[in-house]
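What the coordinates show
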Amino acid sequence: MFCLPDFNHIYSSNPALPHLTNVVITVCQPNILLRLLQLAPNLSSVTMEGSRCFIQPRLEPLTHANLQSLRTFWSKHRPERLVELFNALTLPNLRELEACSAEIRWPHVELKAFLARSKCPLESLIFGDKVTTASALEEQRAEYITLIPSLGVVTIQDD
């Protein structure tokens with residue numbers, strides 16, 4: 001698991017980062033994902049688990065032109081970090097998004113804003129929601145498909 005001071009110290013000068021295309025990482029702060037995206041412009045796939053997040057500064061907006069797949073999972077310790085990521089990121093080439101956060105309402109409004117801002121060719125959306133009713137989830141699914149015409153698969157995980 002990486003916290004930002006560790007990540008910056010270990011990886012900022014790593015010459016391999018610009019060549020990475022796939023990363024699986026566990027972090028304690030979502031700004032590490034943003035820093036990783038800055039240092040690795042050729043990333044096309046990221047799987048990230050967030051855990052025991054500490055206080056951190058507000059996330060600055062970031063656009064990453066090459067990321068096509070993002071899988072992010074946040075623990076119950078700081079589930080609002082998913083909302084912060086949606087508010088900070090713009091991913092115009094994103095095709096697959098899987099996002100789950102334990103024990104919170106699904107950030108529907110923030111996801112719609114993220115998708116509208118990214119204008120991405122999203123094909124698959126998988127998200128976890130433990131709180132929202134089935135009828136509300138179906139309504140949200142319809143809104144996502146209306147917003148992103150390329151979206152063919154919307155899966156809701158409730159376990």
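Note that the structure is a prediction, hence the values are computed from the model and not measured.

Overview of the overall build of the protein
Counting its regular elements, the protein contains five helices and eight strands. Counting helices and strands in the order they occur from the N terminus, the protein gives α-β-α-β-β-β-α-β-β-α-β-α-β. Of all intrachain contacts in the protein linking residues separated by at least 6 positions in sequence, the fraction that spans at least 24 positions is 70%.

A word on helix α4 (residues 108-118)
Residues of α4 that are buried include every one of His108, Glu110, Leu111, Phe114, Leu115 and Ser118, and no others. Projected onto a plane normal to the axis of α4, the buried residues spread over an arc of 165° and lie on a single side. Two residues or fewer after α4 comes lysine 119, characterised by a positive phi angle close to 50°.

Some thoughts on the packing of helix α3 (residues 81-88) against α4
Between α3 and α4, whose axes approach to 8 Å, the crossing angle comes to 25°. Relative to α4, the element α3 is oriented roughly parallel. In terms of crossing hand, the pair formed by α3 and α4 is left-handed. Across the interface between the two elements, Val83, Phe86, Asn87 and Ala88 from α3 touch Glu110, Leu111, Phe114 and Arg117 from α4.

Re helix α5 (residues 134-147)
Compared with the 20 Å implied by 1.5 Å per residue over 14 residues, the 20 Å span of α5 between its first and last C-alpha is a close match. Within the span of α5, buried status applies to Leu137, Gln140 and Tyr144. On an axial view of α5, the arc spanned by its buried residues comes to 60°, and they lie on one face. Seen from the buried face of α5, the exposed residues on the opposite side, beyond 90 degrees, are Ser135, Glu139 and Thr146.

Comments concerning the pairing of strand β1 (residues 22-27)
Residues Val23, Ile25 and Val27 of β1 are buried on one face, while the alternating residues Asn22, Val24 and Thr26, pointing to the opposite face, are not. Direction of pairing for β1 relative to strand β2 (residues 45-50): parallel, over a ladder of six bridges. Following the sheet pairing, threonine 26 is matched in β2 by glutamate 49. Between the parallel elements β1 and β2, the chain passes through helix α2 (residues 31-39) in a crossover that is right-handed.

Details of the side chain of threonine 90
Take threonine 90: it is sitting in strand β5 (residues 89-90). Here arginine 117 takes part through its side chain, which lies 3.0 Å from a polar atom of the side chain of threonine 90. Apart from the residues lying within four places of it in its own chain, the contact partners of threonine 90 are Leu62, Thr63, His64, Phe114, Arg117 and Ser118.

Calculation notes
- Residues numbered from 1 in each chain as written.
- Predicted model: local features only at pLDDT ≥ 70, side-chain atom pairs only at ≥ 80, totals over all residues.
- Heavy atoms only, no water.
- Helix = DSSP H or I, 4+ residues; strand = E, 2+ residues; numbered from the N terminus.
- Contact = heavy atoms within 4.5 Å.
- Buried < 20%, exposed > 50% of the residue type's maximum accessible area, 1.4 Å probe, protein only.
- Arc of directions from axis to C-beta.
- Axes fitted to C-alpha atoms, helices over the stretch in contact; angles between N-to-C directions.
- Parallel < 35°, antiparallel > 145°, perpendicular 65-115°, else oblique.
- Left-handed = near helix turned anticlockwise from the far one by under 90°.
- Expected span 1.5 Å × (residues − 1).
- Pairing = 2+ DSSP bridges.
- Right-handed = clockwise from strand over helix to strand, strands pointing away.
- Polar contact = N/O pair within 3.5 Å; in protein donor to acceptor, adjacent residues only side chain to side chain.

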